[in-house]
Amino acid sequence: MKLDSKYVFHVPLYKYEDNRLTPLEIDDILCELFDEFHKKGFEGMYVSKVKSRYKGRIYDELLITLFTTEDKSPEEIFERWFLKNNEMLKQDEFAYEKGNAMTIVRLVL
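Think of each chain on its own: its residues are numbered from 1, step by step along the sequence as written. Local features are withheld for residues below a pLDDT of 70 in this predicted model, meaning they are given only at 70 or higher, and side-chain atom pairs are given and counted only at 80 or more; totals for whole chains, interfaces and linings count all residues. In computing side-chain properties, one takes all heavy atoms of the structure into account and sets aside hydrogens as well as water.

**Side note on the pairing of strand S2 (residues 14–17)**
Only strands joined by at least two bridges in the DSSP assignment are considered to pair. The numbering of helices and of strands both runs from the N terminus, where a helix is a DSSP run of H or I of at least 4 residues and a strand a run of E of at least 2. Strand direction decides the pairing type here: S2 and strand S3 (residues 20–23), joined by four bridges, are antiparallel. Following the sheet pairing, Lys 15 is matched in S3 by Thr 22. Linking S2 to S3, which pair antiparallel, is a turn of two residues; within it Asp 18 sits at a positive phi near 55°.

As structure tokens, then:
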């Protein structure tokens, strides 16, 4: 088996509100995301906690790395999950990587 498509989904662990970073409690909604990936046949993935920098702020985020084939695409699952939960996440945008390219989707709060 050859999994030749790599995705990396960026999941924030903080929201920026009232000029400060506030930790997010995302365990429940993160499980929903993993469940959706599983339902669509994406069985294995790697989850890494990293330090990120955006607009001069340093914060923790999760990177979910998933390998698949060209005919199976997980980005719609991530986009739908992020839009559904952004009232709690309170992000200006979300990002994911496919191969060597990053997609950034601007959100309206």
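This is not the end of the story, as more comes after the structure.
**So, the sheet that holds strand S5 (residues 57–68)**
As summarised here, the arrangement of the five strands in space is S4-S5-S1-S6-S7, forming an open sheet in which the pairing is antiparallel. Edge positions in the sheet fall to strand S4 (46–54) and strand S7 (101–106), since each has one partner strand and no second. Here the average twist between neighbouring strands, direction ignored, is 25°. With six bridges joining them, strand S6 (residues 93–98) and S7 adopt antiparallel strand pairing. Across the sheet, residue Phe 94 finds its bridge partner in S7, namely Val 105. The contact criterion used is simple: two residues touch if any of their non-hydrogen atoms lie within 4.5 Å. Fitted lines through C-alpha atoms give the axes, limited to the stretch in contact for helices. The angle between two N-to-C directions lies from 0 to 180 degrees. Packed on one face of the sheet, helix H1 (residues 27–39) meets strand S1 (5–12), S4 and S5 and runs near 15° to S5.

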